[in-house]
Amino acid sequence: EQPTSLSVWIPLNPSGATSHNGCMRLLPIEEDDFFYSPQHPRHSNNSEYSDDDAEKLLCSQFGSGIWDPTCIHWGGSYEADKTEEEPRSSLAFTVRLGKKAADFGTC
């Protein structure tokens, strides 16, 4: 099935999103047992995933990351002991196709 929405994420701070200042993490589809079953109760609620399981979304300032919102994703931690960069700040939003009603019941 074709996606009906996309998540968009844009780092705003001068250093962008780096490995140590809180970049987004995305779980590869191959690692998500429930990707093709997004209504499954364990989809997006499996606390067994760690930063080591995920791909880091590294972006420069005003760069962007775009993904299918059913991909499991989370914001990384700011690791002050490993960087002198400022914690990342970002803008995030979802783009949806206009022909299909949004279902906000899963939020």
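Residues numbered from 1 in each chain as written. Predicted model: local features only at pLDDT ≥ 70, side-chain atom pairs only at ≥ 80, totals over all residues. Heavy atoms only, no water.

K.L.:
It is not clear to me how the overall build of the chain should be interpreted in this structure. Could you clarify?
P.N.:
The secondary structure content of the chain amounts to 0 helices and 6 strands. Secondary structure elements in the chain, listed N-terminal to C-terminal, are β-β-β-β-β-β. Here the chain, with 107 residues, has 33% of them falling under the buried criterion. For the chain, the share of sequence-separated contacts (at least 6 apart) that also reach a separation of at least 24 residues comes to 81%. If you sum the accessible surface of the chain, you get close to 7200 Å²; carbon and sulfur atoms cover 51% of it. (Helix = DSSP H or I, 4+ residues; strand = E, 2+ residues; numbered from the N terminus. Buried < 20%, exposed > 50% of the residue type's maximum accessible area, 1.4 Å probe, protein only. Contact = heavy atoms within 4.5 Å. Areas by Shrake-Rupley, 256 points an atom, 1.4 Å probe, with all protein chains shown as cover.)

K.L.:
Which parts of the structure should I look at to understand the sheet that holds strand S6 (residues 90–96)?
P.N.:
What holds strands together in a sheet is hydrogen bonding between their backbones, with the strands either parallel or antiparallel. Spatially, S4-S1-S6 is the arrangement adopted by the 3 strands of the open sheet, whose pairing is antiparallel. Every interior strand has two partners, whereas the edge strands, strand S4 (65–67) and S6, have only one. Each adjacent strand pair in this sheet contributes to an overall mean axis angle of 15°, direction not counted. In terms of strand pairing, strand S1 (residues 5–11) meets S4 through 3 bridges, oriented antiparallel. Pairing of Trp-9 across the sheet is with Gly-65, part of S4. (Pairing = 2+ DSSP bridges. Axes fitted to C-alpha atoms, helices over the stretch in contact; angles between N-to-C directions.)

K.L.:
I'm lost on the confidence of the model for the chain in this one. Help?
P.N.:
In low-pLDDT segments, the atomic positions of the prediction should not be examined closely. Averaged over all residues, the pLDDT of the chain is 84; the fraction at 70 or higher stands at 86%. Averaged pLDDT values for the elements of the chain fall to 88 in strand S5 (residues 73–75) and rise to 93 in S1. (pLDDT = per-residue confidence, 0-100.)

K.L.:
I keep staring at the side chain of Asn-13 and nothing clicks. Help me out?
P.N.:
With respect to the helices, strands and loops of the structure, Asn-13 is situated in the loop between S1 and strand S2 (24–26). A polar contact of 2.8 Å, which involves the side chain of Asn-13, links it to the side chain of Glu-86. Leave out the neighbours within four places in its chain, and Asn-13 touches Asn-21, Gln-61, Glu-86, Pro-87, Arg-88 and Ser-89. (Polar contact = N/O pair within 3.5 Å; in protein donor to acceptor, adjacent residues only side chain to side chain.)

K.L.:
What is the right way to read unusual backbone geometry from this model?
P.N.:
In most cases, non-glycine residues show a negative phi, while peptide bonds are predominantly trans. Phi at Phe-62 is positive, roughly 65°, even though this residue is not glycine. Positionally, Phe-62 belongs in the loop between strand S3 (55–57) and S4. Given a relative accessible area of 57%, Phe-62 falls into the exposed group.

K.L.:
Before we go on, may I ask you to explain the pattern of salt bridges in this structure?
P.N.:
Working definition: two side chains of opposite charge can pair if their charged atoms are close together. Overall, the coordinates contain 1 salt bridge when judged by the stated rule. Where Lys-82 meets Glu-79, a salt bridge forms, and the shortest distance between an N and an O atom there is 3.1 Å. Residue classification places Glu-79 among the buried residues on the basis of a relative accessible area of 19%. (Salt bridge = Lys/Arg side-chain N within 4 Å of Asp/Glu carboxyl O.)

K.L.:
Sorry if this is basic, but what is going on with the side chain of Thr-18 here?
P.N.:
Tracing the backbone shows Thr-18 in the loop between S1 and S2. Of the residues examined, Thr-18 reaches a relative accessible area of 15% and is grouped as buried. Apart from residues no more than four positions distant in its own chain, Thr-18 is found in contact with Cys-23, Leu-58 and Glu-85.

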